[in-house]
Amino acid sequence: MASASSVGNVLWHKQSKVNAELFALTYGAMVGELMRDLEKTDKIQEELDRMGHSIGIRCIEEFLAKSAAEHQGVSVGAALKSQMFTDTSELLKASLKMFLGVTAESTIKSDTSYTITLVDNPLTIFVELPEDRSELEYSQLLCGMVRGMLEMLQYDVTCKMTQSQLKGSEVNEMLIDLKQVLQEGAGEDYHDE
Amino acid sequence: MVLAVTNDMKVSEQMVEFLLSELVLYAKDSCIPNNNKASAAAGSSGESQEGSASAVEDEEALTIAAEQAAAKLERIGFAVGFRLTERLAQNKTWNAVPNQDMAAAVSAQQLEAVKFLCKEVWTDIFGKQIDKLQTNHRGVFVLKDLNLKWLSRFPSGTEHARVTAIRLLAFPCGLIRGSLSNLGIPAVVSCDFLADGQNMAACSFNIKVK
(Lines give C-alpha, C1' and ligand atoms only; values in the text may rest on other atoms or scores of the structure.)
Protein backbone atom coordinates (compact mmCIF):
# COMPACT_ATOMS: atom_id res chain seq x y z
CA MET A 1 0.00 0.00 0.00
CA ALA A 2 1.25 3.40 -0.89
CA SER A 3 2.40 5.62 1.95
CA ALA A 4 0.12 8.45 3.01
CA SER A 5 2.69 11.01 1.97
CA SER A 6 3.05 9.69 -1.56
CA VAL A 7 -0.74 9.64 -1.81
CA GLY A 8 -0.73 13.28 -0.70
CA ASN A 9 1.73 14.16 -3.43
CA VAL A 10 -0.20 12.36 -6.14
CA LEU A 11 -3.48 13.96 -5.09
CA TRP A 12 -1.86 17.40 -4.98
CA HIS A 13 -0.63 16.96 -8.52
CA LYS A 14 -4.10 16.01 -9.65
CA GLN A 15 -5.86 18.90 -7.94
CA SER A 16 -6.79 21.97 -9.95
CA LYS A 17 -4.71 24.72 -8.47
CA VAL A 18 -5.05 28.42 -8.11
CA ASN A 19 -2.80 31.28 -7.09
CA ALA A 20 -2.21 31.15 -3.35
CA GLU A 21 -2.37 34.93 -3.27
CA LEU A 22 -6.09 34.91 -3.98
CA PHE A 23 -6.54 32.56 -1.06
CA ALA A 24 -4.35 34.62 1.25
CA LEU A 25 -6.05 37.89 0.33
CA THR A 26 -9.52 36.41 0.82
CA TYR A 27 -8.54 35.00 4.19
CA GLY A 28 -6.96 38.28 5.19
CA ALA A 29 -10.02 40.30 4.19
CA MET A 30 -12.17 37.85 6.12
CA VAL A 31 -10.02 38.19 9.25
CA GLY A 32 -10.31 41.95 8.85
CA GLU A 33 -14.08 41.68 8.73
CA LEU A 34 -14.07 39.46 11.83
CA MET A 35 -11.99 42.05 13.63
CA ARG A 36 -14.60 44.67 12.77
CA ASP A 37 -17.52 42.48 13.82
CA LEU A 38 -16.19 40.66 16.84
CA GLU A 39 -13.46 42.95 18.15
CA LYS A 40 -12.17 40.61 20.82
CA THR A 41 -9.19 38.47 19.86
CA ASP A 42 -10.50 35.32 21.53
CA LYS A 43 -13.86 35.61 19.79
CA ILE A 44 -12.13 36.06 16.46
CA GLN A 45 -10.03 33.00 17.07
CA GLU A 46 -13.08 30.97 18.07
CA GLU A 47 -14.77 31.89 14.81
CA LEU A 48 -11.67 31.06 12.75
CA ASP A 49 -11.42 27.75 14.56
CA ARG A 50 -15.08 27.00 13.91
CA MET A 51 -14.74 27.77 10.21
CA GLY A 52 -11.60 25.68 10.03
CA HIS A 53 -13.41 22.79 11.69
CA SER A 54 -16.11 22.91 9.04
CA ILE A 55 -13.54 23.06 6.25
CA GLY A 56 -11.49 20.28 7.80
CA ILE A 57 -14.42 17.90 7.72
CA ARG A 58 -14.94 18.52 4.02
CA CYS A 59 -11.23 18.20 3.32
CA ILE A 60 -10.80 14.83 4.97
CA GLU A 61 -13.91 13.44 3.29
CA GLU A 62 -12.60 14.56 -0.06
CA PHE A 63 -9.16 13.20 0.74
CA LEU A 64 -10.46 9.78 1.79
CA ALA A 65 -12.73 9.54 -1.23
CA LYS A 66 -10.01 10.51 -3.67
CA SER A 67 -7.33 8.38 -2.05
CA ALA A 68 -9.64 5.39 -2.17
CA ALA A 69 -10.19 6.05 -5.86
CA GLU A 70 -6.43 6.28 -6.35
CA HIS A 71 -5.85 2.88 -4.84
CA GLN A 72 -8.82 1.03 -6.24
CA GLY A 73 -10.89 0.67 -3.12
CA VAL A 74 -8.09 0.17 -0.62
CA SER A 75 -8.86 3.10 1.63
CA VAL A 76 -5.83 4.67 3.21
CA GLY A 77 -8.15 5.95 5.88
CA ALA A 78 -9.66 2.61 6.74
CA ALA A 79 -6.27 0.95 6.95
CA LEU A 80 -4.98 3.62 9.29
CA LYS A 81 -8.07 3.80 11.48
CA SER A 82 -7.27 0.53 13.18
CA GLN A 83 -3.78 1.61 14.10
CA MET A 84 -2.48 4.11 16.62
CA PHE A 85 -3.64 7.66 17.06
CA THR A 86 -0.19 8.93 16.18
CA ASP A 87 -0.53 7.40 12.70
CA THR A 88 -3.09 10.07 11.93
CA SER A 89 -0.19 12.50 11.65
CA GLU A 90 0.57 10.88 8.29
CA LEU A 91 -2.97 11.44 7.06
CA LEU A 92 -2.90 15.04 8.21
CA LYS A 93 0.31 15.75 6.38
CA ALA A 94 -1.06 14.15 3.23
CA SER A 95 -4.26 16.23 3.42
CA LEU A 96 -2.33 19.43 4.03
CA LYS A 97 -0.33 18.59 0.94
CA MET A 98 -3.39 17.86 -1.13
CA PHE A 99 -5.22 21.06 -0.30
CA LEU A 100 -2.60 23.60 0.65
CA GLY A 101 0.33 22.25 -1.29
CA VAL A 102 2.50 22.44 1.78
CA THR A 103 4.94 19.81 2.94
CA ALA A 104 4.64 19.36 6.66
CA GLU A 105 6.78 17.48 9.16
CA SER A 106 5.53 15.69 12.22
CA THR A 107 7.12 14.84 15.55
CA ILE A 108 5.53 12.26 17.80
CA LYS A 109 5.59 13.40 21.41
CA SER A 110 3.74 10.53 23.04
CA ASP A 111 1.01 7.99 22.27
CA THR A 112 -1.56 10.74 22.50
CA SER A 113 0.29 13.75 21.21
CA TYR A 114 2.23 15.00 18.20
CA THR A 115 3.24 18.21 16.51
CA ILE A 116 2.84 19.24 12.88
CA THR A 117 5.34 21.74 11.54
CA LEU A 118 5.01 23.87 8.41
CA VAL A 119 7.47 26.24 6.87
CA ASP A 120 5.21 27.49 4.07
CA ASN A 121 1.84 28.82 5.06
CA PRO A 122 -0.37 30.16 2.27
CA LEU A 123 -2.64 31.90 4.79
CA THR A 124 0.05 34.37 5.77
CA ILE A 125 1.39 35.56 2.43
CA PHE A 126 2.03 39.32 2.67
CA VAL A 127 0.63 39.38 6.21
CA GLU A 128 1.97 41.27 9.17
CA LEU A 129 0.12 41.34 12.45
CA PRO A 130 -0.82 44.86 13.55
CA GLU A 131 0.74 45.81 16.89
CA ASP A 132 -2.53 45.89 18.77
CA ARG A 133 -3.28 42.36 17.60
CA SER A 134 -0.02 40.69 18.47
CA GLU A 135 -1.93 38.12 20.51
CA LEU A 136 -4.06 36.94 17.61
CA GLU A 137 -3.37 33.47 16.33
CA TYR A 138 -3.87 34.42 12.69
CA SER A 139 -3.66 30.87 11.37
CA GLN A 140 -6.20 29.50 13.80
CA LEU A 141 -8.16 28.24 10.82
CA LEU A 142 -5.51 25.54 10.39
CA CYS A 143 -6.03 24.36 13.96
CA GLY A 144 -9.76 24.14 13.34
CA MET A 145 -9.08 22.17 10.17
CA VAL A 146 -6.95 19.67 12.04
CA ARG A 147 -9.62 19.31 14.70
CA GLY A 148 -12.31 18.72 12.07
CA MET A 149 -10.22 16.25 10.10
CA LEU A 150 -9.38 14.18 13.16
CA GLU A 151 -12.96 14.29 14.39
CA MET A 152 -14.03 12.57 11.19
CA LEU A 153 -11.44 9.92 11.96
CA GLN A 154 -13.10 9.46 15.35
CA TYR A 155 -10.57 11.39 17.40
CA ASP A 156 -11.53 14.28 19.63
CA VAL A 157 -8.44 16.46 19.90
CA THR A 158 -7.24 19.86 20.92
CA CYS A 159 -5.05 21.64 18.42
CA LYS A 160 -3.19 24.82 19.08
CA MET A 161 -0.44 26.80 17.42
CA THR A 162 2.70 26.58 19.49
CA GLN A 163 4.95 28.43 17.07
CA SER A 164 4.01 31.07 14.53
CA GLN A 165 6.12 32.77 11.89
CA LEU A 166 3.95 35.87 12.20
CA LYS A 167 5.04 36.08 15.81
CA GLY A 168 8.70 35.72 15.05
CA SER A 169 9.33 31.98 15.02
CA GLU A 170 11.22 30.20 12.26
CA VAL A 171 8.40 27.78 11.60
CA ASN A 172 4.71 27.28 12.20
CA GLU A 173 3.93 24.49 14.60
CA MET A 174 0.70 22.96 15.83
CA LEU A 175 0.42 20.73 18.86
CA ILE A 176 -2.24 18.06 18.68
CA ASP A 177 -3.39 16.31 21.85
CA LEU A 178 -5.85 13.46 21.94
CA LYS A 179 -8.70 14.07 24.37
CA GLN A 180 -10.71 10.98 23.65
CA VAL A 181 -11.46 8.40 21.04
CA LEU A 182 -14.99 8.83 19.75
CA GLN A 183 -16.94 5.60 19.71
CA GLU A 184 -18.54 4.79 16.40
CA GLY A 185 -20.98 2.04 17.28
CA ALA A 186 -18.97 -1.18 17.20
CA GLY A 187 -15.87 0.13 15.44
CA GLU A 188 -12.42 -1.40 15.56
CA ASP A 189 -11.39 0.82 18.44
CA TYR A 190 -14.20 -0.29 20.67
CA HIS A 191 -14.02 -3.60 22.45
CA ASP A 192 -16.98 -5.09 24.26
CA GLU A 193 -15.76 -6.69 27.43
CA MET B 1 11.46 36.95 9.62
CA VAL B 2 11.39 36.30 5.92
CA LEU B 3 8.13 36.26 4.06
CA ALA B 4 7.96 33.46 1.52
CA VAL B 5 8.35 34.26 -2.16
CA THR B 6 4.83 33.97 -3.38
CA ASN B 7 4.75 34.13 -7.13
CA ASP B 8 4.66 30.39 -7.60
CA MET B 9 2.83 29.36 -4.45
CA LYS B 10 -0.43 27.60 -5.17
CA VAL B 11 -3.31 26.08 -3.26
CA SER B 12 -5.98 23.71 -4.42
CA GLU B 13 -9.03 25.33 -6.00
CA GLN B 14 -11.23 23.35 -3.66
CA MET B 15 -9.63 25.06 -0.71
CA VAL B 16 -10.64 28.44 -2.11
CA GLU B 17 -14.17 27.16 -2.63
CA PHE B 18 -14.35 25.78 0.92
CA LEU B 19 -13.17 29.12 2.29
CA LEU B 20 -15.67 31.03 0.17
CA SER B 21 -18.52 28.86 1.31
CA GLU B 22 -17.60 29.51 4.96
CA LEU B 23 -17.45 33.20 4.11
CA VAL B 24 -20.91 33.18 2.54
CA LEU B 25 -22.28 31.36 5.59
CA TYR B 26 -20.59 33.78 7.94
CA ALA B 27 -21.99 36.79 6.10
CA LYS B 28 -25.44 35.27 6.28
CA ASP B 29 -25.26 34.25 9.95
CA SER B 30 -23.75 37.49 11.14
CA CYS B 31 -26.53 39.58 9.57
CA ILE B 32 -29.52 38.53 11.59
CA PRO B 33 -32.98 39.70 10.52
CA ASN B 34 -34.07 42.37 12.94
CA ASN B 35 -37.59 41.08 13.47
CA ASN B 36 -38.01 42.27 17.02
CA LYS B 37 -36.89 45.78 16.30
CA ALA B 38 -39.04 46.05 13.20
CA SER B 39 -42.26 45.06 14.91
CA ALA B 40 -41.56 47.20 17.95
CA ALA B 41 -40.91 50.27 15.85
CA ALA B 42 -43.91 49.77 13.61
CA GLY B 43 -46.73 49.66 16.15
CA SER B 44 -47.23 50.91 19.67
CA SER B 45 -50.33 48.94 20.58
CA GLY B 46 -49.12 45.48 19.62
CA GLU B 47 -51.34 45.36 16.55
CA SER B 48 -48.31 44.77 14.44
CA GLN B 49 -47.83 41.47 16.18
CA GLU B 50 -50.80 39.98 14.42
CA GLY B 51 -51.47 38.66 10.96
CA SER B 52 -50.19 40.10 7.73
CA ALA B 53 -48.58 43.25 9.10
CA SER B 54 -46.08 41.17 11.05
CA ALA B 55 -45.45 38.92 8.06
CA VAL B 56 -44.61 41.94 5.92
CA GLU B 57 -42.15 43.16 8.53
CA ASP B 58 -40.58 39.72 8.70
CA GLU B 59 -40.16 39.81 4.92
CA GLU B 60 -38.61 43.23 5.12
CA ALA B 61 -36.33 42.19 7.94
CA LEU B 62 -35.20 39.18 5.92
CA THR B 63 -34.58 41.32 2.86
CA ILE B 64 -32.57 43.84 4.84
CA ALA B 65 -30.54 41.06 6.43
CA ALA B 66 -29.82 39.56 3.01
CA GLU B 67 -28.75 42.97 1.72
CA GLN B 68 -26.43 43.47 4.67
CA ALA B 69 -24.91 40.04 4.13
CA ALA B 70 -24.38 40.82 0.45
CA ALA B 71 -22.81 44.17 1.31
CA LYS B 72 -20.44 42.44 3.70
CA LEU B 73 -19.34 39.93 1.10
CA GLU B 74 -19.04 42.63 -1.52
CA ARG B 75 -16.79 44.65 0.78
CA ILE B 76 -14.53 41.66 1.30
CA GLY B 77 -14.45 41.05 -2.45
CA PHE B 78 -13.54 44.69 -3.01
CA ALA B 79 -10.51 44.41 -0.72
CA VAL B 80 -9.33 41.28 -2.49
CA GLY B 81 -9.91 42.62 -6.01
CA PHE B 82 -8.15 45.87 -5.22
CA ARG B 83 -5.01 44.27 -3.79
CA LEU B 84 -4.80 41.52 -6.37
CA THR B 85 -5.02 44.03 -9.20
CA GLU B 86 -2.43 46.22 -7.49
CA ARG B 87 0.13 43.49 -7.95
CA LEU B 88 -1.03 42.33 -11.37
CA ALA B 89 -1.06 45.85 -12.79
CA GLN B 90 2.40 46.72 -11.49
CA ASN B 91 4.19 46.02 -14.72
CA LYS B 92 1.44 47.06 -17.02
CA THR B 93 1.95 50.02 -19.31
CA TRP B 94 -1.13 51.80 -20.47
CA ASN B 95 -1.35 52.87 -24.10
CA ALA B 96 -2.10 56.55 -24.49
CA VAL B 97 -3.79 57.07 -27.81
CA PRO B 98 -2.82 60.47 -29.17
CA ASN B 99 -5.01 62.97 -30.98
CA GLN B 100 -8.32 62.04 -29.42
CA ASP B 101 -10.94 64.26 -27.88
CA MET B 102 -11.58 64.03 -24.15
CA ALA B 103 -14.67 61.83 -24.24
CA ALA B 104 -13.11 59.33 -26.62
CA ALA B 105 -9.93 59.23 -24.55
CA VAL B 106 -11.85 58.56 -21.34
CA SER B 107 -13.89 55.89 -23.03
CA ALA B 108 -10.77 54.23 -24.44
CA GLN B 109 -9.07 54.28 -21.06
CA GLN B 110 -12.07 52.69 -19.39
CA LEU B 111 -12.19 50.00 -22.04
CA GLU B 112 -8.54 49.19 -21.54
CA ALA B 113 -9.02 48.85 -17.81
CA VAL B 114 -12.06 46.62 -18.24
CA LYS B 115 -10.18 44.49 -20.76
CA PHE B 116 -7.33 44.10 -18.31
CA LEU B 117 -9.84 42.92 -15.74
CA CYS B 118 -11.46 40.51 -18.19
CA LYS B 119 -8.18 39.02 -19.29
CA GLU B 120 -5.35 39.24 -16.80
CA VAL B 121 -7.26 39.57 -13.55
CA TRP B 122 -9.98 37.06 -14.41
CA THR B 123 -7.35 34.56 -15.60
CA ASP B 124 -5.39 34.97 -12.38
CA ILE B 125 -8.47 34.19 -10.32
CA PHE B 126 -10.37 31.71 -12.50
CA GLY B 127 -7.82 30.32 -14.91
CA LYS B 128 -9.79 31.69 -17.84
CA GLN B 129 -10.92 34.98 -19.34
CA ILE B 130 -14.38 36.50 -19.25
CA ASP B 131 -16.42 34.84 -21.98
CA LYS B 132 -18.15 37.89 -23.36
CA LEU B 133 -17.64 41.62 -23.00
CA GLN B 134 -20.14 44.18 -24.22
CA THR B 135 -20.14 47.94 -23.87
CA ASN B 136 -22.02 50.97 -25.04
CA HIS B 137 -18.79 52.99 -24.98
CA ARG B 138 -20.49 55.36 -22.58
CA GLY B 139 -19.48 53.88 -19.27
CA VAL B 140 -21.63 50.74 -19.21
CA PHE B 141 -20.08 47.31 -19.54
CA VAL B 142 -21.58 43.84 -19.35
CA LEU B 143 -19.27 40.94 -18.57
CA LYS B 144 -20.51 37.41 -19.01
CA ASP B 145 -18.99 34.34 -17.50
CA LEU B 146 -20.85 31.31 -18.81
CA ASN B 147 -19.21 28.91 -16.42
CA LEU B 148 -18.14 30.62 -13.21
CA LYS B 149 -15.85 28.14 -11.55
CA TRP B 150 -17.11 28.72 -8.03
CA LEU B 151 -20.64 27.86 -9.08
CA SER B 152 -19.82 24.89 -11.25
CA ARG B 153 -20.06 22.38 -8.42
CA PHE B 154 -23.47 23.57 -7.28
CA PRO B 155 -26.27 21.04 -7.79
CA SER B 156 -28.63 22.27 -10.48
CA GLY B 157 -32.28 22.90 -9.87
CA THR B 158 -32.49 23.13 -6.09
CA GLU B 159 -33.77 26.34 -4.56
CA HIS B 160 -31.20 26.22 -1.78
CA ALA B 161 -28.38 26.04 -4.30
CA ARG B 162 -29.85 28.97 -6.23
CA VAL B 163 -30.13 31.13 -3.12
CA THR B 164 -26.59 30.25 -2.05
CA ALA B 165 -25.27 31.01 -5.53
CA ILE B 166 -26.88 34.43 -5.53
CA ARG B 167 -25.43 35.13 -2.08
CA LEU B 168 -21.99 34.10 -3.27
CA LEU B 169 -22.10 36.33 -6.36
CA ALA B 170 -21.73 39.40 -4.16
CA PHE B 171 -18.10 38.42 -3.75
CA PRO B 172 -17.09 38.54 -7.44
CA CYS B 173 -19.09 41.79 -7.76
CA GLY B 174 -16.82 43.21 -5.09
CA LEU B 175 -13.77 41.75 -6.82
CA ILE B 176 -14.69 43.59 -10.00
CA ARG B 177 -15.43 46.86 -8.23
CA GLY B 178 -12.18 46.63 -6.27
CA SER B 179 -10.15 45.76 -9.34
CA LEU B 180 -11.55 48.65 -11.37
CA SER B 181 -11.09 50.99 -8.44
CA ASN B 182 -7.41 50.14 -8.38
CA LEU B 183 -7.25 50.86 -12.10
CA GLY B 184 -8.74 54.31 -11.50
CA ILE B 185 -12.29 53.50 -12.56
CA PRO B 186 -14.91 54.00 -9.84
CA ALA B 187 -18.00 52.01 -10.67
CA VAL B 188 -21.14 50.36 -9.43
CA VAL B 189 -21.27 46.64 -10.08
CA SER B 190 -24.31 44.42 -10.03
CA CYS B 191 -24.87 40.88 -11.12
CA ASP B 192 -27.49 38.83 -12.91
CA PHE B 193 -27.67 35.15 -12.34
CA LEU B 194 -28.26 33.60 -15.76
CA ALA B 195 -28.86 30.07 -14.53
CA ASP B 196 -31.65 28.09 -16.01
CA GLY B 197 -32.48 24.59 -14.78
CA GLN B 198 -29.37 23.12 -16.41
CA ASN B 199 -26.49 25.49 -16.11
CA MET B 200 -25.99 26.81 -12.59
CA ALA B 201 -22.81 28.64 -13.35
CA ALA B 202 -23.69 31.33 -15.86
CA CYS B 203 -23.77 34.92 -14.71
CA SER B 204 -23.41 38.43 -16.01
CA PHE B 205 -21.82 41.36 -14.25
CA ASN B 206 -23.05 44.86 -15.03
CA ILE B 207 -20.63 47.69 -14.58
CA LYS B 208 -21.67 51.34 -14.54
CA VAL B 209 -18.80 53.74 -14.34
CA LYS B 210 -19.53 56.57 -11.94
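So, here is what we can say about the structure in this document. (Residues numbered from 1 in each chain as written. Chains lettered and ligands numbered in written order. Predicted model: local features only at pLDDT ≥ 70, side-chain atom pairs only at ≥ 80, totals over all residues. Heavy atoms only, no water.)

1. Quick notes on the overall build of chain B
Spelled out, the test is: Each helix is a run of DSSP H or I of at least 4 residues and each strand a run of E of at least 2, with the numbering of both proceeding from the N terminus. With a 1.4 Å probe rolled over the protein chains alone, any residue whose accessible area is under 20% of its type maximum counts as buried; one over 50% counts as exposed, and the rest are partly exposed. In this analysis, two residues are considered to be in contact whenever any of their non-hydrogen atoms come within 4.5 Å of each other.
Secondary structure assignment for chain B yields 6 helices and 5 strands. Overall, chain B shows an N-to-C arrangement of helices and strands of β-α-α-α-α-β-β-α-α-β-β. Looking at chain B residue by residue over its 210 residues, the buried ones come to 40%. Excluding contacts between residues fewer than 6 apart, the proportion of contacts in chain B whose partners are at least 24 apart in sequence is 62%.

2. Quick word on the pairing of strand 3 (residues 113-118) of chain A
Residue and element names in this part refer to chain A. How we decide: Here the rule is simple: two strands pair whenever DSSP picks up at least two bridges between them.
Extensive coverage of strand 3 is indicated by the burial of 6 of its 6 residues. Here strand 3 shows two buried faces, one formed by Ser113, Thr115 and Thr117 and the other by Tyr114, Ile116 and Leu118. Summarising the sheet, strand 2 (residues 104-110) and strand 3 pair through 6 bridges and their orientation is antiparallel. Across the sheet, threonine 107 pairs through a bridge with threonine 115, a residue of strand 3. Hairpin connection, strand 2 to strand 3: the antiparallel pair is bridged by 2 residues. Note: strand 3 against strand 5 (residues 172-181), 6 bridges, orientation antiparallel.

3. Let's talk about the interface of chain B and chain A
We count it as follows: Put simply, a salt bridge is a Lys or Arg side-chain nitrogen that is within 4 Å of an Asp or Glu carboxyl oxygen.
Facing 33 residues of chain B, the contacting portion of chain A comprises 42 residues. Counting the contacts that link chain B with chain A gives 4 salt bridges. Here aspartate 37 of chain A makes a salt bridge to lysine 72 of chain B, at a shortest N to O gap of 2.4 Å. Looking at the side of chain B that touches chain A, the elements with two or more residues in it are strand 1 (10-12), helix 1 (13-29), helix 3 (51-88) and helix 4 (102-126) of chain B. Residue contributions to the side of chain B that touches chain A peak at 11 residues, all from helix 1 of chain B. Where strand 1 (residues 17-19) of chain A lies against strand 1 of chain B, 3 bridges are found, and the strand directions are antiparallel. Bridged to asparagine 19 of chain A within strand 1 of chain B is lysine 10 of chain B.

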